[in-house]
Amino acid sequence: MVDTNRFSWFQVPENVKKLLILAADTWHNNSESEKYMQQAITEAGENTDILVSAYRYFYYKNNYSLALQTITKLLDKIKKAENFPESWEQLKPILINRREENQIRLYLNAYSATGLVLAKLGNIEQAKQISIRVQEIDPKNDYGAGILLDILTRPAEEED
């Protein structure tokens with residue numbers, strides 16, 4: 001019996017909670033655990049909480065391609081809901097003006113995370129570009145883009 005009450009704050013159907021718990025309980029069996037996570041994503045549809053959970057799951061499982069796929073779904077969902085323009089030049093002022101709103105914070109967090117995943121996948125230039133963009137909007141470095149940019153642009157240490 002799977003106890004879903006320990007996640008009462010998580011606003012998803014009980015069957016999805018059960019799948020997430022099963023994914024966590026079978027963490028060390030990658031194929032089994034991933035099967036439950038994929039089912040949870042399928043059954044929850046475009047649920048924001050599930051997409052965030054799935055992104056984190058895949059990231060910590062070192063499955064960066066699925067982490068990127070999942071975080072892209074989340075970004076696309078927010079872009080569509082907020083009717084964001086495609087061009088960064090048009091989007092940037094919107095993000096700056098609304099950066100304290102929950103949905104915008106989630107978008108910036110996910111966009112910054114995209115930079116991290118791209119760096120893990122070896123797409124350094126794209127990761128730098130995202131980090132620079134997030135840093136322009138986030139002077140307090142709430143999303144860690146400045147740290148990632150520093151790591152990506154730090155000169156290689158010379159060996160003796």
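In case you missed it, the structure is sitting above this.
In this text, all values refer to a predicted model and were calculated from it rather than measured experimentally.

Participant: Sorry if this is basic, but what is going on with the environment of Gln 11 here?
Facilitator: For Gln 11, the location among the structural elements is in the segment before helix H1 (14-25). In this structure Gln 11 comes out as exposed when scored by relative accessible area, which is 60%. Remark: the alpha-carbon pair of Gln 11 and Ser 131, spanning 120 residues in sequence, is separated by 31 Å. Once residues within four sequence positions are removed from consideration, Gln 11 is found in contact with Asn 47 and Asp 49.

Participant: Help me out: how do you make sense of H1 in this one?
Facilitator: Since one α-helical turn is 3.6 residues long, residues separated by three or four positions face the same way. The terminal C-alpha atoms of H1, which comprises 12 residues, lie 16 Å apart, in line with the 16 Å expected from a rise of 1.5 Å per residue. Those residues of H1 lying buried are Val 16, Lys 17, Leu 19, Leu 20, Ile 21 and Ala 23. Summarising the contacts, the buried residues of H1 are in contact with helix H2 (30-44) and helix H3 (48-60).

Participant: What's the story with the packing of aromatic side chains in this structure? I'm lost.
Facilitator: Describing an aromatic ring pair means giving the distance of the ring centres and the angle of the ring planes. For the structure shown, the criterion picks out 8 aromatic pairs. For the ring pair Trp 27 and Tyr 57, a centre distance of 5.4 Å and an interplane angle of 90° mean the geometry is edge-to-face. Within this pair, whereas Trp 27 is found in the loop between H1 and H2, its partner Tyr 57 is found in helix H3, the two being separated by 30 residues in sequence. A relative accessible area of 29% means that Trp 27 is categorised as partly exposed. When the centroid spacing of 6.1 Å and the interplanar angle of 15° are considered together, the rings of Tyr 107 and Tyr 111 count as stacked. Here the residue Tyr 107 and the residue Tyr 111 both occupy positions in helix H6 (residues 102-120), the gap between them amounting to 4 residues, near one helical turn. With respect to burial, Tyr 107 and Tyr 111 carry one shared label: buried. An aromatic cluster is built from Tyr 55, Tyr 59, Tyr 60 and Tyr 64, whose rings are joined through pairwise contacts. A cation over an aromatic ring shows up here: Lys 35 above the ring of Tyr 36, its NZ or CZ 4.9 Å from the ring centre. Sitting over the ring of Trp 27, Lys 61 keeps its end group 4.2 Å from the ring centre.

Participant: Would you explain the nonpolar core in this entry?
Facilitator: Nonpolar side chains in soluble globular proteins tend to be buried together. Counting 47 residues, the largest nonpolar core has Met 37, Phe 58, Leu 95 and Tyr 107 as its most contacted members. Elements with a contribution of two residues or more to this core: H1, H2, H3, helix H4 (64-82), helix H5 (88-97), H6, helix H7 (124-137) and helix H8 (145-153).

Participant: Explanation requested: the pattern of salt bridges in the structure shown.
Facilitator: Proximity of charged atoms lets side chains of opposite charge pair with each other. Taken as a whole and assessed by the stated rule, the structure comprises 9 salt bridges. Residue Lys 92 is joined to Glu 136 by a salt bridge in which the shortest nitrogen-to-oxygen separation is 3.1 Å. Taken together, the residues span a long stretch of sequence, with Lys 92 in helix H5 and Glu 136 in helix H7 at a distance of 44 residues. A salt bridge links Lys 128 to Glu 125; its shortest N-O distance comes to 3.3 Å. With Lys 128 and Glu 125 both in helix H7, this residue pair falls 3 residues apart, about one helical turn.

So, how was this worked out
- Residues numbered from 1 in each chain as written.
- Predicted model: local features only at pLDDT ≥ 70, side-chain atom pairs only at ≥ 80, totals over all residues.
- Heavy atoms only, no water.
- Helix = DSSP H or I, 4+ residues; strand = E, 2+ residues; numbered from the N terminus.
- Buried < 20%, exposed > 50% of the residue type's maximum accessible area, 1.4 Å probe, protein only.
- Contact = heavy atoms within 4.5 Å.
- Expected span 1.5 Å × (residues − 1).
- Phe/Tyr/Trp six-rings, centres within 6.5 Å; stacked < 30°, edge-to-face > 60°.
- Lys NZ or Arg CZ within 6 Å of the ring centre and 35° of its normal.
- Core = buried A, V, L, I, M, F, W, Y, C linked by side-chain atoms within 4.5 Å.
- Salt bridge = Lys/Arg side-chain N within 4 Å of Asp/Glu carboxyl O.

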